[in-house]
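The residues making up each chain are set out below.
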Amino acid sequence: MPPRLPLPRRTSATTTTLFHRTLSRPPQYLQPYSAVNSTTSIEAPPFTPSPHPHEQLKHILTTLSTLGHGGSPSRIELALRGLEQKDAPVRIVVVGSDILTAIFGGDEGWSGELKEWIAQGGKPGRGLLLRFGTYPKLTTLAGSPLSILTAPMEVLRTNNIEIVVTSRISPDPLVLLFQPTDTPGARVIEYPVHKTLFYGGSGAEGVARLLETITPTMYRPQQVLRVISLPGVVAKNEHIQVIDLDRGQGIEDVRSWLLAGTTTSNTLKPAIKSLLHDIFTSASHELSTSTTSTTTPTRIEDGDTPETLASAIITWSHTAHLELKTSAESQEWRKLEWWKLLWRVDDVGNVSQHIVTSTFLTQSEEDVAFLAGRLFSAGYNNPNSLELELQLDRPMYIQEKRNEIMTTLIPNLQATAQKYLFSSLSTSALSAASSALLYLSDVPLYSALTMAAVGTVGSVRWLQSRWMREKRGFQETVRERGREAIVDSERWAWSKLKEGIKTEVGEGELEREKIERLKSALRDGIKLCGEQEY
């Protein structure tokens, strides 16, 4: 965290000014009503202090990380860590261990461990991280591409630096690439650093190796330095240093470059400021050279257009109506025939729930969710809704209508079935009792049985007609609920499509304004990184 800024000391003149200002303006309860409640009086807006430069820079970095600008995301994370941590360490990579031994020669307790690591674990794609420690210790975590060597080197503690030693340079000198295992296809790990020192070697081989690594780069001389060793030659330009490693000539200049920018008396180290400057400059260049397609609403290349989405909505509506008609004529409804009430009237509710769950627009519900996903992917959503960024916005009308049928209509159907069966059985029992009384009254058996048969047939016929009418009414209600769900879902899809088409121009203007604000913020960030007093 950045150190606290010293608060300005309140002087006697400031106190006197506040005192006279208080006296010159009486309290509110002593002012006239018109002065207190005037709607036309103009007062100065409250003073809003500008955010701390650290907070400004962190906000810019977070925005760049979200939008995918500014180069490698790992470099942005390294810059954020440098702003958030107090006295954050500076990472320096040294390609070639020979020059490191020469630069820090005479420091005991680590050179032997370094040579042992080079002999045992110096494989391509791996590295050694050198940190300050109270005693030398070499550790390698399982699956890690870096071995950690702690050494009691005073230069590591006083400058708060971490040195990464590796055998080869990456395409981006300031973003190392490591592979944890030798398995083909293993993922590559990025390890960003603040500075890179590349030692090509000595003689003609060193020159050839150095020339292989020289590529056009935007990095400044204080970030990347290439070194070669030639007998009796010591020279230097912005990016290349020639030394005589055998005689130790030019080593002190390399050491000075290595430690430059790692300490400061201000709030931000020059090495971290250089990293921030690179990120902001890269992002500004990307925004300046971006095409106009970045300022239009998001669309997937070779994806949906308004015409294809409109055709998809029409097709879904037609298919949903056909499915609704087919479900109304399904053989599942035969499970609710009237004669089955005699032994399974208590299962009417369960059977009806099974029919509705399995036949009520099940495929159309999946298709409308897929259609909503196509609308969302094509950018036809509400740009002001944060919830749409967290979960897919889709119509729930089919599910709501199904739940309404399950909780309201089916219980009523169950109760009606029980009532009709009870009435029919009561009528049949009454006719049977009347037939028995007639037989006991010396009425011929044939006549008494005839009365019982007529009563039973009449009650069964009544049960059949009433239940079939109730069943058809239930089917029509279910079909009407399905039709309402289809219409509501179709209206939802059309509204999303129309709103997206209407707001395309507005979204483009809004996106351009965001880019202009981001460019302005980047210019402010570059200016902050260039200020010496910051």
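Residues numbered from 1 in each chain as written. Predicted model: local features only at pLDDT ≥ 70, side-chain atom pairs only at ≥ 80, totals over all residues. Heavy atoms only, no water.

### Considerations on the side chain of Thr-196
And step 1. Its place among the elements puts Thr-196 in strand β8 (residues 195–202).
And step 2. Exposure remark for Thr-196: the relative accessible area of 0% places this residue in the buried category.
And step 3. Among the polar contacts made by the side chain of Thr-196, one reaches the main-chain carbonyl oxygen of Pro-173 at a distance of 2.5 Å.
And step 4. Discounting chain neighbours no more than four positions away, the residues touching Thr-196 are Val-93, Ile-169, Pro-173, Leu-174, Gln-223, Val-224, Leu-225 and Trp-257. (Helix = DSSP H or I, 4+ residues; strand = E, 2+ residues; numbered from the N terminus. Buried < 20%, exposed > 50% of the residue type's maximum accessible area, 1.4 Å probe, protein only. Polar contact = N/O pair within 3.5 Å; in protein donor to acceptor, adjacent residues only side chain to side chain. Contact = heavy atoms within 4.5 Å.)

### Quick word on unusual backbone geometry
Leaving glycine aside, a negative phi is the common case for residues, and trans is the common case for peptide bonds.
And step 1. Non-glycine residue Asp-87 carries a positive phi angle of around 55°.
And step 2. Within the fold, Asp-87 resides in the loop between α4 (73–84) and β1 (90–95).
And step 3. Positive phi is not limited to glycine here, since Leu-361 has a value of about 55°.
And step 4. Within the element layout of this structure, Leu-361 appears in the loop between α13 (348–359) and α14 (362–377).
And step 5. A relative accessible area of 0% places Leu-361 in the buried class.

### Some thoughts on the pattern of salt bridges
Oppositely charged side chains can form a pair if their charged atoms are brought close together.
And step 1. Tallying each qualifying case throughout the model produces 13 salt bridges.
And step 2. Note that Lys-269 and Asp-87 form a salt bridge whose closest N and O atoms lie 3.0 Å from each other. Of this pair, Lys-269 sits in the loop between α9 (251–259) and α10 (270–289) while Asp-87 sits in the loop between α4 and β1, placing them 182 residues apart in sequence.
And step 3. With its nearest N and O atoms 3.6 Å apart, the salt bridge here joins Asp-244 to Arg-247. (Salt bridge = Lys/Arg side-chain N within 4 Å of Asp/Glu carboxyl O.)

### Re the nonpolar core
And step 1. Grouped together as the largest cluster of nonpolar side chains are 41 residues, with contacts concentrated most on Trp-316, Val-348, Phe-360, Ile-405, Trp-467 and Phe-474.
And step 2. Of all the secondary structure elements, the ones that give two or more residues to this core are α11 (306–328), α13, α14, α16 (397–440) and α17 (445–502).
And step 3. For Val-348, the residues in contact, after removing those within four places along its chain, are Leu-336, Leu-341, Leu-413, Gln-414, Ala-417 and Trp-467.
And step 4. Core analysis: the second largest hydrophobic core is formed by 29 residues, Val-90, Ile-92, Phe-104 and Ala-271 among them. (Core = buried A, V, L, I, M, F, W, Y, C linked by side-chain atoms within 4.5 Å.)

### Some remarks on the sheet that holds strand β3 (residues 137–140)
And step 1. Read from one edge of the open sheet, nine strands run β3-β4-β2-β5-β1-β8-β9-β11-β10, paired in mixed fashion. Every other strand in the sheet has two partners, leaving β3 and β10 (235–236) as the edge strands with one partner each.
And step 2. Where β1 lies against β8, four bridges are found, and the strand directions are parallel. Bridging across to β8, Val-95 finds its partner in Phe-198.
And step 3. Contacting β1, β8, β9 (224–229) and β11 (240–243), helix α8 (residues 203–213) runs over the sheet at an angle of about 145° to β8.
And step 4. Strands in contact with α9 are β1, β5 (161–166), β8, β9 and β11; relative to β8, the strand with the most contacts, it is inclined by about 155°. (Pairing = 2+ DSSP bridges. Axes fitted to C-alpha atoms, helices over the stretch in contact; angles between N-to-C directions.)

### Here's the deal with the pairing of β1
And step 1. Of all six residues in β1, six are buried, a share of seventy percent or more.
And step 2. Neither face of β1 is open: one carries Val-90, Ile-92 and Val-94, the other Arg-91, Val-93 and Val-95, and all of them are buried.
And step 3. Across six bridges, β1 lies against β5 in parallel orientation. The residue of β5 that forms the bridge with Ile-92 is Ile-163.

### Remarks on the confidence of the model for the protein chain
And step 1. This prediction gives the protein chain a mean pLDDT of 76; 75% of its residues lie at or above 70.
And step 2. This stretch, residues 1–49, has a pLDDT under 50; its non-local contacts, to residues over four places away or in other chains, come to 15 contacts. (pLDDT = per-residue confidence, 0-100.)

### A look at the packing of helix α3 (residues 53–67) against α4
And step 1. In the contact formed by α3 and α4, the axes pass within 10 Å of each other and the chain directions differ by 160°. As the angle between them shows, α3 and α4 are arranged roughly antiparallel. Relative to α4, α3 is oriented so that their crossing is left-handed. Seen from α3, the contacting residues are His-54, Leu-57, Lys-58, Leu-61, Thr-62, Leu-64 and Ser-65; seen from α4, they are Ile-76, Ala-79, Leu-80, Leu-83 and Glu-84.
And step 2. Taken together, the residues of the contact of α3 with α4 break down into seven nonpolar, three polar and two charged. (Parallel < 35°, antiparallel > 145°, perpendicular 65-115°, else oblique. Left-handed = near helix turned anticlockwise from the far one by under 90°. Nonpolar A, V, L, I, M, F, W, Y, C, P; charged D, E, K, R; others polar.)

### Quick notes on the environment of Ala-493
And step 1. Following the sequence through the fold, Ala-493 ends up in helix α17.
And step 2. Look at Ala-493 and you get buried, because its relative accessible area is 2%.
And step 3. Each C-alpha atom, one on Ala-493 and one on Arg-394, is 8.9 Å from the other, the two residues being 99 residues apart in sequence.
And step 4. Other than its neighbours up to four places away in sequence, Ala-493 contacts Ile-313, Leu-371 and Leu-375.

### Regarding α9
And step 1. Among all positions of α9, only Ile-251, Val-254, Trp-257, Leu-258 and Leu-259 are buried.
And step 2. Positive phi shows up at Gly-261, right after α9, with a value of about 85°.

### Let's talk about the packing of aromatic side chains
And step 1. This model, assessed by the stated rule, comprises three aromatic pairs.
And step 2. Pairing Trp-333 with Phe-474 gives two aromatic rings, centres 5.8 Å apart and planes at 65°, and the pair type is edge-to-face. Taken together, the positions of Trp-333 in the loop between α11 and α12 (341–344) and Phe-474 in helix α17 put the pair 141 residues apart, joining distant regions of the chain.
And step 3. By relative accessible area, Trp-333 is classed as buried at 5%.
And step 4. Sitting over the face of the ring of Trp-257, Lys-195 holds its NZ or CZ atom 4.3 Å from the ring centroid. (Phe/Tyr/Trp six-rings, centres within 6.5 Å; stacked < 30°, edge-to-face > 60°. Lys NZ or Arg CZ within 6 Å of the ring centre and 35° of its normal.)

### Some thoughts on a nonpolar patch on the surface
And step 1. There is a patch of nonpolar side chains on the surface, built from Trp-339, Leu-342, Trp-343 and Leu-425 and spanning about 470 Å² of accessible area.
And step 2. Within the secondary structure, Trp-339 is located in the loop between α11 and α12. (Patch = residues over 30% accessible without salt bridge, like charges linked within 9 Å, V, L, I, M, F, W, Y side chains within 5 Å. Areas by Shrake-Rupley, 256 points an atom, 1.4 Å probe, with all protein chains shown as cover.)

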